[in-house]
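Fold and geometry: a report
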Amino acid sequence: MQSIKTLGQFIIEKQADFPYAKGELSRLLRDIGIASKIVNREVNKAGLADILGDAGSINIQGEGQKKLDVYANEQFITALKSGGECCVVVSEENDEYIYIDSEISKNAKYVVAIDPLDGSSNIDVNVGVGTVFSIFRRKSKSGAATMEDVLQRGVEQVAAGYVIYGSSTMLVYTTGKGVNGFTLDPSIGEFCLSHPDMKIPKDGVIYSINEGYYAHFPDGIKKYIKFCQVEDEKTSRPYTSRYTGSMVADLHRNMIKGGIFLYPITAKSPKGKLRLIYECNPMAFIIEQAGGKASDGYNRILELEVTELHQRSAIIIGSENMVLKAEEMMACFSPQVTKK
Ligand code: P6P
C-alpha cells in the first residue's frame, strides 16, 4: 500500500528547495489549501444550498457575480488575512488590490493574485470550475503596498497553482521546481499527492477554443483551426475539439492528455478575455514548468509587461509542439508584434 503524502507534508518536505525561506511560503500555500477545502465543500453542494444563481452584484469585468464567486472570494481573502504571510491580494472580484495592513500582515513577504472561482458561469450546470492563484514577492520595502508590488511580470512569480472542483477536487501547483498534483480525500479532509512531477505531453490531439467566435478570429487562428480539422492520418488529424467554458478544466485535461487551449482576441474581447495577472500568468508558469508553452500568439506570456491590474491578454497554451504550430500560423499573417 503506497504511503499517503499530504499537501502539508509535501510542502514542508520541499521547503529545503528554498534555503533562505523561513517557512513563510510553506505557510502561505497551506493557507490557500485550507481555503480551497472550504470552497470545495460549498461547490460540492451548490445545487442544495441557496448559493446558486446571481449575487446581484457586478465585478469590474462587468460580469454578474454568482453567489459562489463572492463566497469563494471571501474565503480566500479571509484565509490570506488570517495566515499573516500575505500583505496584498489582487482578486478578479475586487476592483482594487487589497493591502492587508494588520499587524501580522502589513510587512509580510508575499503578494497573492487570485481568480477565486474561474468558470463560475458553469456552476448552475454542474460543469467543473476552478480557482487560480499566483504568488509574488513584495517589491516595496515597507509601508503600504504600491502598484509596483502588484504589476509584476509572470517571470517574477515564486509560485502558482490551480484548484479544479471536478469529478474529484485537485490542487496543482509549482514553485518553479516542477509541478505536483494533489487530490482531495474527503474521508480524511486532506489533499494527497496523486500526480507527482506532472509533465504535459509535447504533442496532443485535443484543441480547445470557442469556435462560436470564428468569424472574428485573427486569420492565423482561423488557419490553425482548419489545420486541426484537416484529415491527415500521419498526424492523427482531425483533432478532437473539447471546450467546457472553464479554462481550468480545459487546461487540466490538456495537462493530463496533451492538447492546446486558445483564447485569441475577438470582436467582443479585442485585447483577449482572460486576465494576465491571475489567469494567464499562473497557468503559463504551471504549463511551462510541466514542459509546455504559453504565448499570446507572438510573445511569451510570462514576459508580457503588466500595466493594469485587470489587464487582459490573448493566450495560446498547452503542448509545446501544438503551440509552436499555432504560432507558426499566426506568423504567416501578422508581423512579429513588438514586446509591449
Ligand atoms: P467564453 C470563464 O468565464 C473564462 O474566464 C474561462 O474560464 C473560460 O475558458 C472562458 O472565460 C470562456 O469564455 O467567451 O468562451 O464563454
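Rules used in this analysis
- Residues numbered from 1 in each chain as written.
- Predicted model: local features only at pLDDT ≥ 70, side-chain atom pairs only at ≥ 80, totals over all residues.
- Heavy atoms only, no water.
- Helix = DSSP H or I, 4+ residues; strand = E, 2+ residues; numbered from the N terminus.
- Rg over C-alpha atoms; globule rule 2.2 N^0.38 Å.
- Buried < 20%, exposed > 50% of the residue type's maximum accessible area, 1.4 Å probe, protein only.
- Contact = heavy atoms within 4.5 Å.
- Areas by Shrake-Rupley, 256 points an atom, 1.4 Å probe, with all protein chains shown as cover.
- Lys, Arg positive; Asp, Glu negative; His and termini not counted.
- Charge placed at Lys NZ, Arg CZ, Asp CG, Glu CD.
- Arc of directions from axis to C-beta.
- Core = buried A, V, L, I, M, F, W, Y, C linked by side-chain atoms within 4.5 Å.
- UniProt positions renumbered as here; feature names shortened; annotations may be inferred.
- Pairing = 2+ DSSP bridges.
- Axes fitted to C-alpha atoms, helices over the stretch in contact; angles between N-to-C directions.
- Expected span 1.5 Å × (residues − 1).
- Parallel < 35°, antiparallel > 145°, perpendicular 65-115°, else oblique.
- Left-handed = near helix turned anticlockwise from the far one by under 90°.

Focus: the overall build of the protein chain
Helix and strand content of the protein chain: 8 helices and 15 strands. Against the compact-globule benchmark of 20 Å for 340 residues, the protein chain has a radius of gyration of 19 Å, which places it among compact chains. Within the protein chain, the fraction of its 340 residues that count as buried is 55%. Long-range pairs, those at least 24 residues apart, make up 64% of the contacts in the protein chain with a sequence separation of at least 6. Put simply, the protein chain shows about 14700 Å² of open surface, and 52% of that area lies on carbon and sulfur atoms. One finds the centroid of the 39 positive side-chain charges in the protein chain at a distance of 3 Å from the centroid of its 42 negative side-chain charges.

Digging into unusual backbone geometry
Geometrically, the link from Arg-237 to Pro-238 is a cis peptide bond, its omega value of 10° lying close to zero. Here Pro-238 is to be found in the loop between helix H5 (219-229) and strand E12 (240-241). Its identity as a non-glycine residue notwithstanding, Asn-126 has a phi of 60°, on the positive side. Here Asn-126 lies in the loop between strand E5 (110-118) and strand E6 (129-137). Residue Asn-126 is classed as exposed on the basis of its relative accessible area of 73%. For Asp-197, which is not glycine, the phi torsion reads 45° and is therefore positive.

Re H5
Along H5, the residues that are buried comprise Gly-220, Ile-221, Tyr-224, Ile-225, Phe-227 and Cys-228. Looking down the long axis of H5, one finds its buried residues gathered within 155° of arc, a one-sided arrangement. Looking at the buried side of H5, the elements it contacts are strand E11 (206-208), strand E13 (260-263), strand E15 (315-318) and helix H8 (320-333).

Re the nonpolar core
The tendency in soluble globular proteins is for nonpolar side chains to be buried side by side. With 63 residues, the main nonpolar core has Tyr-224, Met-255 and Ile-260 as its most contacted residues. Of the residues forming this core, the biggest block, 9 residues, is contributed by helix H7 (residues 276-289). Every residue in contact with Tyr-224, bar those within four places of it in the chain, is listed here: Tyr-239, Ile-260, Leu-262, Met-322, Lys-325, Ala-326 and Met-329. Leu-25, Ile-100, Phe-133 and Leu-171 belong to the second largest nonpolar core, which has 38 residues in total.

A word on the UniProt feature "binding site: Mg(2+) 1" (unreviewed entry) in the protein chain
UniProt feature "binding site: Mg(2+) 1" (unreviewed entry): in the numbering of this structure it lies at Glu-92, Asp-115 and Leu-117. Sequence-wise these annotated residues cover 26 residues; spatially they are packed, their C-alpha atoms never more than 8.9 Å apart. Here Glu-92 lies in the loop between strand E3 (86-91) and strand E4 (98-99). Excluding its chain neighbours within four sequence positions, the residues that come into contact with Glu-92 are Asn-59, Ile-60, Gln-61, Glu-63, Ile-114, Asp-115, Pro-116, Arg-275, Tyr-278, Glu-279 and His-310. Overall, Asp-115 belongs to the buried group, its relative accessible area being 0%.

Observations regarding the sheet that holds E3
Reading across the sheet, the 8 strands line up as E4-E3-E5-E6-E7-E8-E9-E10 and stay open at both edges, with mixed pairing between neighbours. Each of the sheet's edge strands pairs with one partner strand only, and the pair in question is E4 and strand E10 (190-195). Sheet analysis places strand E9 (residues 179-185) next to E10, joined by 5 bridges and oriented antiparallel. Among the inter-strand pairings, Asp-185 is bridged to a residue of E10, identified as Glu-190. The sheet contacts of helix H3 (residues 67-83) involve E3, E4, E5, E6 and strand E7 (159-165), and relative to E5 the element is tilted by about 160°. Across the face of the sheet, helix H6 (residues 247-257) comes into contact with E5, E6, E7, strand E8 (169-174), E9 and E10 while running at roughly 105° to E7.

Comments concerning the environment of Tyr-173
With respect to the secondary-structure elements, Tyr-173 resides in strand E8. For Tyr-173, a relative accessible area of 5% puts it in the buried group. Placed 146 residues apart in sequence, Tyr-173 and Arg-27 show a C-alpha to C-alpha distance of 14 Å. Every residue in contact with Tyr-173, bar those within four places of it in the chain, is listed here: Leu-7, Phe-10, Ile-11, Leu-29, Phe-133, Ala-160, Gly-161, Gly-178, Val-179, Asn-180 and Phe-182.

Here's the deal with the sheet that holds E11
Taking strand neighbours across the sheet as the criterion, the 5 strands line up as E12-E11-E13-E15-E14 in an open arrangement whose pairing is mixed. The open sheet has two free edges, formed respectively by E12 and strand E14 (293-295), since each of these has just one partner strand. Looking at chain direction, E11 and E12 are connected through 2 bridges and run parallel. Note that in E12 the partner of Ile-206 across the bridge is Thr-240. On the sheet, H6 packs against E11, E13 and E15 and is oriented at approximately 160° with respect to E11.

A few points about H3
Because the α-helix completes a turn every 3.6 residues, residues three or four places apart line up on one side. Across its 17 residues, H3 extends 24 Å between first and last C-alpha, which sits within 8% of the 24 Å expected from 1.5 Å per residue. Here H3 has its buried residues at Leu-68, Asp-69, Tyr-71, Ala-72, Asn-73, Gln-75, Phe-76, Ile-77, Ala-79 and Leu-80.

A few points about the packing of H5 against H8
For the pair H5 and H8, the least separation of the axes is 7 Å and the interaxial angle reads 135°. Comparing the axis directions of H5 and H8 gives the class oblique. Taken as a pair, H5 and H8 cross one another with a handedness that is right-handed. For the pair H5 and H8, the contacting residues are Asp-219, Gly-220, Ile-221, Lys-223, Tyr-224 and Phe-227 in the first and Met-322, Lys-325, Ala-326, Met-329, Met-330, Cys-332 and Phe-333 in the second.

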